[in-house]
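The lines below spell out each chain.
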Amino acid sequence: MNKKKMLFVYNPKAGKERIRSNLLDIIDIFAKAGYEVTVHPTQEQGDAIEAVKNRDRGFDIVTCSGGDGTLDEVVSGMWMSKTRVPIGYVPAGSTNDFAMSLGIPAAMHASAEAIVTGREYACDIGVMNGDTFVYIAAFGLFTDVSYLTKQDIKNVLGHMAYIFEGAKRLSEIRSYHMKVTADDMVIEDDFVFGMVTNSISVGGFKDITGKHIKLDDGVFEVTLVKFPDNMLDMSNLMAALLNRDIDTEQMYCFKTSHLVLESKESIAWTRDGEFGGEHTYVDIKNENKALKIMVPNKN
C-alpha cells in the first residue's frame, strides 16, 4: 500500500515555542494515520512560502503549525504553486483567530487529530495587490505596532483595548484620508482604522467583524472607523467596535467581494498580523472558496 505523503511546515518560535514539547506527538498522530511525513522547520520570514511553492509534486497534503503568520505564508505558497492540495493547520500562535473561526481545536493534539479524521472545507481568501491573506488586511490604529515590536510579540490586534488606553490624547492618533470604492459605493473620509476581514474573531475578540459570518460566501466584512471629534467619542467608538454596535456616525460597515482604497500618502498595512507594505493604492479581491483546509467533522 502506498503511503500518503505529508509536508509538515512548522515555526519553532510560534506561541512561546509551544510546538517543541508537542512536535513528536503530532508527527506520531500523522504517522499512525498512514502518512509519510517530511518535516520542514522554518528558519526565517518567507521560508514557508518557498517550502510550499517549491515542494515536490508527490505530497497529498501540506500541514503547518505556527501562528496566523505561518498559515498565511503556507497559503501564499500554495496560491503560487502549480498544484494545490488541502492544507492542515495545527495552531500554535498567541490568538489563532482563523483557527477559532473554522472550529479547529486550540489544543495541538486535538487539531492534529482533526487533520487526519476531518473533512476538507473550501473557504475564501483575500488577494491584496497580488499578495494573499487568509483572514484580515488592516491599516491604522493598533496595526503598525506588530512589525515594530520583536518578532515574538505577535498579533498586536489582540491588544486593542490596551492601545486605545495608551492613546490618551487625540493628538497621538493618526488619521488617514482615503477614497474607498466598492461595488456602486464611493466613500471619502478620514479614518483612524480600517479592516477587511473573513473571520469570526480578530485579536481574540468575537463579533468585532459582525454577526452570522460565513467564510465561504465570496464577500469580506469591511469596517472603516472615522476620526472621532473628541476623546469621549473615542471611548464610545472603542466600545461600539468591540460590541459591533454599528454607529454610522462613527464607522462604515459593509460587505463586498472587491474594494479599492486610494490615498495621497503611503499607508502601512498588515496582512494576517504581518507587515504588508506601505501603499497609496490598495486593491483587495475575494477569491471565493480558493483554499481547501481540513476542519473537524461536524458532530
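Notes on the structure in this doc start here. In this text the structure is predicted, and so the values were computed from the model without any measurement. (Residues numbered from 1 in each chain as written. Predicted model: local features only at pLDDT ≥ 70, side-chain atom pairs only at ≥ 80, totals over all residues. Heavy atoms only, no water.)

Before going further, it helps to examine the overall build of the chain. The secondary structure content of the chain amounts to 8 helices and 15 strands. A buried classification covers 52% of the 299 residues belonging to the chain. Long-range contacts, defined here as pairs at least 24 residues apart, represent 73% of the contacts in the chain between residues at least 6 apart. For the chain, the accessible area works out to roughly 13600 Å², and carbon and sulfur atoms hold 49% of it. (Helix = DSSP H or I, 4+ residues; strand = E, 2+ residues; numbered from the N terminus. Buried < 20%, exposed > 50% of the residue type's maximum accessible area, 1.4 Å probe, protein only. Contact = heavy atoms within 4.5 Å. Areas by Shrake-Rupley, 256 points an atom, 1.4 Å probe, with all protein chains shown as cover.)

Glancing now at helix 2 (residues 23–32). Among the residues of helix 2, Leu 23, Ile 26, Ile 29 and Phe 30 are the ones counted as buried. Projected down its long axis, helix 2 carries its buried residues within an arc of 125°, all on one side. What points out from helix 2, more than 90 degrees from its buried face, is the exposed set Leu 24 and Lys 32. If you follow the buried residues of helix 2, they end up packed against strand 1 (4–10), strand 2 (35–41), strand 3 (61–66), strand 4 (87–91) and helix 6 (108–117). (Arc of directions from axis to C-beta.)

With that settled, consider the packing of aromatic side chains. In the structure shown here, the tally under the stated rule is 7 aromatic pairs. With 5.6 Å between their ring centres and 80° between their planes, Phe 8 and Phe 30 make a pair best called edge-to-face. Taken together, the residues Phe 8 in strand 1 and Phe 30 in helix 2 connect sequence positions 22 residues apart. The two residues Phe 8 and Phe 30 agree in class, both being buried. Three or more aromatic residues joined by ring pairs form one cluster here, namely Phe 8, Tyr 10 and Phe 30. (Phe/Tyr/Trp six-rings, centres within 6.5 Å; stacked < 30°, edge-to-face > 60°.)

The values reported here are purely geometric and, on their own, carry no functional implication.
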